[in-house]
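Survey of secondary and tertiary structure
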Amino acid sequence: MNRSFSSVSRSWVMALGVSLSLLSGVSLAERAPMPPLPSPSGIDFPKNAADGTQAQSQPANSAQVGEKFLWNSANSDPYNTISIPDKEASVLIQRAGEQWRVIRNGVITVYGGWLLAIAFFGIAAVFLVKGPIKLHAPMTGQMIKRFSGFERFTHWVMAASFIGLALTGILILWGKFFALPIMGGVAYGTFLNICKNIHNYSGPLFTLSVVIFFLLFATRNIPGQGDLTWIKSFGGLFGGKHPPAGFFNFGEKIWFWFGMTFLGLVISASGFVLDMIVPFMEIQYIRGTMQLANIIHSAASVLMTAMAMGHIYIGSIGMQGSSDGMMTGYVDATWAKEHHELWYNKVNK
């Protein structure tokens, strides 16, 4: 019985000790509460003030502060830390993407479309009102060689690739406004994918032809004799007579240096970035890089297309005899004397 009493006593003592420990723990917990557990999303909403006075005085604002913090964390361009190799996945909402969308769909699509429309209908109006530029004297039948076979081949490769790029680029940028309603979503999507592949594979061919054409004609496009006279008379617009010019006049030189060379190389470089085929350089093809390349590519392409319309018009139906040089390699002596008199005199020395 003594043993039974002692064992029972020990049990009561142990139970009393455990109870006192629990009571003391509850008392301490009331005086010093534990910090809250992290939220399930992994993002804690900090209070505006360190001591939480605003949250206590204005309870309704605490949720607004948390929502603002969450939005700013998600809607940010800087990369965060992630455990997978894809660095782009660390940005939930790219703020610059909205800026790119506004520029592409607003500035380039709207103003670029107006620029091309003004250039096209302006050239059409000039043709309807004035017609092609006629020679002042009849053709003599005496032909002068102007371009070699390789020069003409390079020109036509560049022209064909440019026209393919321009037409497919117009469909990619503006096709949803006029082709999509006619073709429907499925047919238009398939057609646009074909246009995209044509555009991508024609780009390197265009770049190669631009480089070769530049090497062939750079020396003949250096500003020189006759250019100042051409500028003063605006290419014969004032005075009625075409000013004397060398192998190329100053207007053709502007097209060569700015339109074909500068804009052509800008379009090519940005297109290589978009195709992710930039050689000899290591480029991170991230969203920001691609968006910037897309803006540069689109803006330069629209400007070059507008300038090319004038070049194509003058070189085809806009001027009598001008297409002969690139079609056959030879031009009539009358055409050469009227439009490139300095070159004509040099050839006939």
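Basis of the calculations
Residues numbered from 1 in each chain as written. Predicted model: local features only at pLDDT ≥ 70, side-chain atom pairs only at ≥ 80, totals over all residues. Heavy atoms only, no water. Helix = DSSP H or I, 4+ residues; strand = E, 2+ residues; numbered from the N terminus. Areas by Shrake-Rupley, 256 points an atom, 1.4 Å probe, with all protein chains shown as cover. pLDDT = per-residue confidence, 0-100. Contact = heavy atoms within 4.5 Å. Expected span 1.5 Å × (residues − 1). Bend = angle between axes of the 7 residues up to and from the residue. Phe/Tyr/Trp six-rings, centres within 6.5 Å; stacked < 30°, edge-to-face > 60°. Buried < 20%, exposed > 50% of the residue type's maximum accessible area, 1.4 Å probe, protein only. Polar contact = N/O pair within 3.5 Å; in protein donor to acceptor, adjacent residues only side chain to side chain.

Turning next to the overall build of the protein. Along its length, the protein carries 13 helices and 2 strands. A total accessible area of about 22,500 Å² is found for the protein, and carbon and sulfur atoms account for 70% of it.

This paragraph deals with the confidence of the model for the protein. Residue-level pLDDT values for the protein average 82, and 75% of them are 70 or greater. The low-confidence segment residues 22-32, where pLDDT is below 50, has 0 contacts with residues more than four positions distant or belonging to other chains.

Over its 30 residues, helix 5 (residues 149-178) extends 40 Å from the first C-alpha to the last, a length consistent with the 44 Å expected when each residue adds 1.5 Å. The sharpest bend along helix 5 comes to roughly 55°, located at Ile-172.

Taken as a whole and judged by the stated rule, the model has 15 aromatic pairs. Relative to Phe-256, the ring of Phe-214 lies with its centre 5.9 Å away and its plane at 10°, an arrangement referred to as stacked. Here Phe-214 is found in helix 7 (residues 185-217), whereas its partner Phe-256 is found in helix 9 (residues 250-275), with 42 residues between them in sequence. Taking the relative accessible area as the measure of exposure, Phe-214 reaches 27% and is therefore partly exposed. The buried category is assigned to Phe-256, whose relative accessible area is 3%. Ring geometry for Phe-256 and Trp-257: centres 5.1 Å apart, planes at 90°, overall edge-to-face.

It is worth spelling out the side chain of His-340 at this point. As for its placement among the helices and strands, His-340 is situated in the loop between helix 12 (333-339) and helix 13 (341-347). At a separation of 3.2 Å, a polar atom in the side chain of His-340 contacts the main-chain carbonyl oxygen of Phe-247. If near-sequence neighbours (up to four positions away) are discounted, His-340 is found in contact with Arg-146, Ala-245, Gly-246, Phe-247, Phe-248, Asn-249, Glu-252 and Trp-335.

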